[in-house]
Amino acid sequence: MKKFFLYARKSTDVEDKQVLSIDAQLNELREFANRDGIIIVAELIEKQSAKTPGRPIFNAMLERIEAGEADGILAWHPDRLARNSVDGGRIIYMLDTGKIKTLKFPRSWFENTPQGKLMLHNDFGFSKYFVDSLSENTKRGLREKVRRGEFPGLAPIGYLNDYRAKRIIVDRERASLVQEVFARYASGKVTLDDLRHYFASQNVRSRHGKLLSRGGVTKIISNPIYYGHFRYAGEIYE
């Protein structure tokens, strides 16, 4: 009897929004394994995008297959295994060399034949095409937002993101703080370290609770957002 690794994956990326949760994948795969008499030697769960190579659990699984711990992989769909050409090519090469004997998917047919590998290659290709298209559409949407003069990111200190209106608005609690920092800096009587400590006195610190770095302070006082412009992809927009 062939032995399988059960592999379930889901990430927080946009392209995974409609994918079954990890628990739902596990339930379907277990039912499929029981129905088809598949022997599962280990259940492997990964919460990471497959857009780029480098998933540690996925890589370790292939290494364990090469070491002879299992003959194949059971996954909900081919796109759970790969959404990039490197990982997809690696799986197909391991099928070519006999390292992976077979793959099983409840939602997709596969046999380790030339026709089966062609269909698998197509599945991987469509998965990559979907990711690439989604990325390009997202970038296009951001470029259009920028052309309309809408700030396309997290609001800097002194502003807030209004997610309903999809724009930034003045943070009335901290706007005066930013104005004070600019006034102090313009006086020529303070140093960057003075401003770091002033921010700390106003309960403005780094994400790790430390004093803002000099670079962080410099980034604030040189940010064009405070005179009505913003920087995006190396360009300044109104």
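Our subject is the structure listed above.
All values reported here derive from a predicted model rather than from experimental measurement.

Conventions adopted
- All chains use their own residue numbering, which begins from 1 and follows the written sequence.
- The model is predicted, so local features are restricted to residues of pLDDT at least 70 and side-chain atom pairs to those at 80 or more, both for listing and for counting; the totals for chains, interfaces and linings are taken over all residues.
- Calculation of side-chain values draws on the structure's entire complement of heavy atoms; hydrogens and water are dropped beforehand.
- Only protein chains enter the accessibility calculation, which uses a 1.4 Å probe; a residue is then buried when its area is under 20% of its type maximum, exposed when over 50%, and partly exposed in between.
- Here a strand is any run of E in DSSP of at least two residues, a helix any run of H or I of at least four, and the numbering for each starts at the N terminus.
- By arc we mean the arc of the directions from the helix axis to the C-beta atoms, nothing more.
- Any two residues whose heavy atoms approach within 4.5 Å at even a single point are treated as in contact.
- Whether two strands pair comes down to DSSP finding at least two bridges between them.
- Axis geometry follows a simple rule: fit a line to the C-alpha atoms, using only the stretch in contact for helices, then measure angles between N-to-C directions, giving values from 0 to 180 degrees.
- Each patch is assembled from residues with relative accessible area greater than 30% and no salt bridge, linking like charges that lie within 9 Å and nonpolar side chains (Val, Leu, Ile, Met, Phe, Trp, Tyr) that lie within 5 Å.
- Computed by Shrake-Rupley with a 1.4 Å probe, the accessible areas treat only the displayed protein chains as cover when residues are assessed.
- By definition, a salt bridge exists where a carboxyl oxygen of Asp or Glu is found within 4 Å of a side-chain nitrogen of Lys or Arg.

Participant: What exactly am I supposed to notice about helix H8 (residues 214–221) here?
Facilitator: Since the α-helix turns once every 3.6 residues, residues separated by three or four places project in the same direction. Buried residues of H8: Val217, Ile220 and Ile221, and no others. Angular distribution of buried residues about the axis of H8 spans 90 degrees; they occupy a single face of the element. Its buried side turned inward, H8 meets helix H6 (175–187) and helix H7 (192–201).

Participant: Sorry, what's going on with the sheet that holds strand S1 (residues 3–9) here?
Facilitator: Each strand in a sheet pairs with its neighbour through backbone hydrogen bonds, running either in the same direction (parallel) or in the opposite one (antiparallel). In space, the 4 strands of this open sheet follow the order S2-S1-S3-S4, with parallel pairing throughout. The open sheet has two free edges, formed respectively by strand S2 (39–46) and strand S4 (102–104), since each of these has just one partner strand. Neighbour-to-neighbour, the strand axes of the sheet open up by a mean angle of 25 degrees, direction not taken into account. Across 7 bridges, S1 lies against S2 in parallel orientation. Residue pairing in the sheet places Tyr7 in a bridge with Leu44 of S2. The strands touched by helix H1 (residues 22–36) are S1, S2, strand S3 (72–74) and S4; relative to S1, the strand with the most contacts, the crossing angle is about 155 degrees.

Participant: Would you mind going over the environment of Leu20 with me for this structure?
Facilitator: Mapped onto the elements, Leu20 comes out in the loop between S1 and H1. For the pair formed by Leu20 and Trp76, sequence separation is 56 residues and the distance between their alpha carbons is 8.9 Å. Apart from residues lying up to four places away in sequence, Leu20 is in contact with Lys10, Gln25, Glu28 and Trp76.

Participant: Looking at this structure, I do not really get a nonpolar patch on the surface. What am I missing?
Facilitator: The grouping of Met1, Ile39 and Val41 at the surface amounts to a nonpolar patch, some 310 Å² of accessible area in total. Take Ile39: it is sitting in strand S2.

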